[in-house]
Amino acid sequence: MALSFNLIDEPWQDVRPVDGGPALSVGLRDAILRAHEFADLVVELPTQKPALLRQVLLPVVVDALRDVVDAEVWARVMSAGRFEGDAADRIGRYLDEHRELFDLFHPVDPFAQVAGLRTAKDETKGAALLVATASSGNNVPLFATRTEGDPLRLSPAQAARWLLHTHCWDTAAIKTGVVGDPQAKAGKTTGNPTGPLGQFATVTPGGRNLFDTLMLNVPTGHTLLSDDLPQWRRRAISGRVDETLSVATPEWRTRAPRGYLDLWTWQSRRIRLVPEETGTGMSVSRVLIAAGDRMNRTPDFEPHTSWRTEATGRTKKSTGVTTERPRRLQPGVAAWRGMEALLETDRRDRTVGTRTDGLRPSTLLRQLRTDKQLPDGYSLRVELTGIAYGTQSAVIDDVMADAIPLPVAALQPGQVRGALLEAADQADTLARAVNTLSADIRRAAGAEPIPWDKGQRPGEILLHALDPLVRRLLSDLRPLGDDFEAVEERMLLWENAAREQALMAADTVAAAAPPGTFNGRTIRKDGKDRTFRQAGAEKSFRSCLKGTLTRAAEAAEAARAERAEAAETTDEPVPEAV
């Protein structure tokens with residue numbers, strides 16, 4: 001008997017109920033039609049979430065409700081707070097009509113796979129090849145508890161989730177050559193890029209529940225092209241494989257996506273899961289992963305990333321012509337440190353040396369500001385995910401993920417947006433100031449500064465200490481709108497707390513200085529002598545602290561003035577403001 005596991009009704013996606021309690025496992029139908037009952041998806045790895053949203057959940061909603069990309073229709077559905085009435089009926093009919101296409105083990109057209117995919121020697125590999133956190137070939141995670149020799153059995157639910165993750169984030173380089181692929185040579189294909197999401201950092205807005213998250217990730221203000229279809233509809237049209245696209249065959253090609261649905265469900269690999277029946281039920285322990293469709297570049301309508309614009313030309317001089325590149329995440333860098341890229345109201349070019357750069361925020365965040373008009377105080381969050389690949393992008397070095405609360409008012413030019421950009425800039429300035437203090441004290445001791453790419457500099461430790469303070473500021477600003485006095489009050493609290501942490505970091509650096517730094521050391525550079533002493537380094541740091549945290553400095557000066565006035569009647573000495 002043929003094995004079957006239909007994603008529409010079989011429980012395979014874990015979700016967290018809004019009212020708390022343990023996670024539930026639901027099928028695709030419940031995940032969408034009951035999305036208002038679930039707070040969020042529950043995933044094994046943060047990078048699974050954008051894969052599940054893009055490869056299945058969003059395309060089903062948008063393809064079933066194709067007019068939901070119209071801003072007025074979107075607003076009507078969003079205001080209902082759930083998929084109900086006509087919207088729920090259309091989604092239900094869509095799933096019923098295409099039910100056969102969602103069978104993970106269908107003998108002719110398995111979901112997101114190629115039936116009968118095989119090598120010339122009928123070889124397959126262990127299921128660990130699908131799992132980004134499992135040891136497989138050259139990809140050996142640092143803290144993996146399983147070796148490649150240990151067989152890995154995936155349940156159908158796990159196999160489905162990692163299948164979609166592979167289409168989005170798979171490593172690059174050599175892939176297995178399969179029968180029917182004219183571009184395979186000597187049993188392999190070369191030059192494979194990473195999965196499409198591996199080319200950038202995903203920026204995913206999240207809402208109060210899964211329904212809101214789905215709706216916030218629907219791009220609006222355009223019309224879907226008639227041939228912009230999700231992979232399951234492109235694979236089988238009128239009951240046959242679409243010969244013009246060849247998605248369900250071993251053949252692949254380089255092409256441009258036709259639109260959002262094509263882009264989200266991009267089949268970057270040709271895959272076949274090998275299911276088997278065991279004493280405990282169905283499982284997948286063997287798979288085959290081969291080359292899939294390639295994009296020339298990330299399309300400029302990609303909604304889940306922010307962009308950097310750069311001047312073209314060999315010398316990178318501004319010529320009036322620019323190119324856009326999707327932004328990536330840096331390991332160890334918190335999401336709020338890229339606040340400017342998230343909140344940029346429009347592309348703003350700026351000259352850096354001889355190069356003109358600019359930033360463009362993600363389409364989805366721009367639309368939340370211009371088209372979707374979320375109310376102030378809405379519980380909006382932004383999740384960023386990315387993967388850092390190693391050696392020719394053939395291994396995974398790091399998985400990066402972060403989420404920050406984001407005030408809706410920050411999406412518009414105004415007080416809140418300015419405050420957040422200022423706070424992020426202040427944090428970076430304080431970190432640089434502590435690093436400069438450390439470098440100058442080390443020079444005064446006759447040593448060299450800590451290299452930026454080696455060891456841990458004190459500025460990074462300070463940024464770690466400032467991280468919860470910035471996140472608290474983000475949450476505190478969420479309900480305020482553009483109330484000037486309330487925003488200034490929160491900014492003063494932030495600056496006082498940041499000042500305290502910066503002083504603690506500076507004290508730690510100064511306490512570790514050897515005695516010789518008091519007299520200092522003179523260094524000759526570029527024909528000029530410069531003397532470095534600890535006292536001078538500390539003075540420069542405090543000057544930077546005062547110039548950066550101006551509200552805290554003014555408050556400290558005002559407090560000192562009050563103490564001086566009170567001391568006039570008691571003849572007590574007034575302590576100097578730090």
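Up top is the structure these notes are about.
Residues numbered from 1 in each chain as written. Predicted model: local features only at pLDDT ≥ 70, side-chain atom pairs only at ≥ 80, totals over all residues. Heavy atoms only, no water.

Digging into the packing of aromatic side chains
Aromatic rings in a pair are described by how distant their centres are and how their planes are angled relative to each other.
So, point 1. For the structure on display, the rule yields 6 aromatic pairs.
So, point 2. Seen from their ring centres, Phe-83 and Phe-211 are 4.8 Å apart, and the 75° between their planes marks the pair as edge-to-face. With a gap of 128 residues between them, Phe-83 in the loop between helix H3 (71–80) and helix H4 (85–97) and Phe-211 in helix H6 (residues 210–216) connect regions that are remote in the sequence.
So, point 3. Judged by its relative accessible area of 2%, Phe-83 is buried.
So, point 4. Arranged with centres 5.3 Å apart and planes meeting at 20°, the rings of Phe-102 and Phe-111 form a pair that is stacked.
So, point 5. You can call Phe-102 buried: its relative accessible area is 0%.
So, point 6. With relative accessibility at 1%, the residue Phe-111 sits in the buried group.
So, point 7. Through pairs of rings, three or more aromatic residues link up here, namely Phe-102, Phe-111 and Trp-232. (Phe/Tyr/Trp six-rings, centres within 6.5 Å; stacked < 30°, edge-to-face > 60°. Helix = DSSP H or I, 4+ residues; strand = E, 2+ residues; numbered from the N terminus. Buried < 20%, exposed > 50% of the residue type's maximum accessible area, 1.4 Å probe, protein only.)

Considerations on the nonpolar core
So, point 1. The biggest cluster of nonpolar side chains holds 136 residues, and the ones touching the most others in it are Trp-12, Leu-28, Phe-83, Leu-273, Leu-420 and Trp-494.
So, point 2. The greatest single-element share of this core, amounting to 12 residues, is contributed by helix H11 (residues 415–444).
So, point 3. Trp-494 has contacts with Ala-423, Gln-426, Ala-427, Leu-466, Leu-469, Val-470 and Leu-473, leaving out every residue within four places of it along the chain.
So, point 4. Core analysis: the next-biggest nonpolar cluster, separate from the first, contains 5 residues, Leu-117, Val-178, Leu-288 and Ala-290 among them. (Core = buried A, V, L, I, M, F, W, Y, C linked by side-chain atoms within 4.5 Å. Contact = heavy atoms within 4.5 Å.)

Re the sheet that holds strand E1 (residues 13–17)
So, point 1. With antiparallel pairing, the 3 strands of this open sheet are ordered in space as E2-E1-E3. Because the sheet does not close on itself, it has two edges, and the strands there are strand E2 (24–26) and strand E3 (38–41). Along the sheet, successive strands turn relative to each other by an average axial angle of 45°, direction set aside.
So, point 2. Sheet topology places E1 next to E3; 3 bridges connect them, and they run antiparallel. Counterpart to Val-15 in the pairing with E3 is Leu-41. (Pairing = 2+ DSSP bridges. Axes fitted to C-alpha atoms, helices over the stretch in contact; angles between N-to-C directions.)

Examining the environment of Leu-216
So, point 1. Locating Leu-216 in the fold gives a position in helix H6.
So, point 2. Residues Leu-216 and Leu-365 lie 149 residues apart in sequence; the distance between their C-alpha atoms is 8.8 Å.
So, point 3. Beyond its immediate chain neighbours, meaning those up to four positions away, Leu-216 contacts Trp-74, Met-78, Pro-205, Gly-206, Gly-207, Leu-364, Leu-368, Lys-372, Leu-374, Tyr-378 and Leu-380.

A word on the packing of H11 against helix H12 (residues 458–477)
So, point 1. Contact geometry for H11 and H12: axes closest at 9 Å, N-to-C directions at 165°. The angle between H11 and H12 falls in the class roughly antiparallel. Seen along the crossing, H11 lies across H12 with a hand that is right-handed. Residues Val-416, Ala-419, Leu-420, Ala-423, Ala-427, Asp-428, Leu-430, Ala-431, Val-434, Asn-435 and Ser-438 of H11 lie in contact with H12, whose contacting residues are Pro-458, Gly-459, Leu-462, Leu-463, Leu-466, Leu-473, Leu-474 and Leu-477.
So, point 2. Counted by class, the contact of H11 with H12 contains 15 nonpolar, 3 polar and 1 charged residues. (Parallel < 35°, antiparallel > 145°, perpendicular 65-115°, else oblique. Left-handed = near helix turned anticlockwise from the far one by under 90°. Nonpolar A, V, L, I, M, F, W, Y, C, P; charged D, E, K, R; others polar.)

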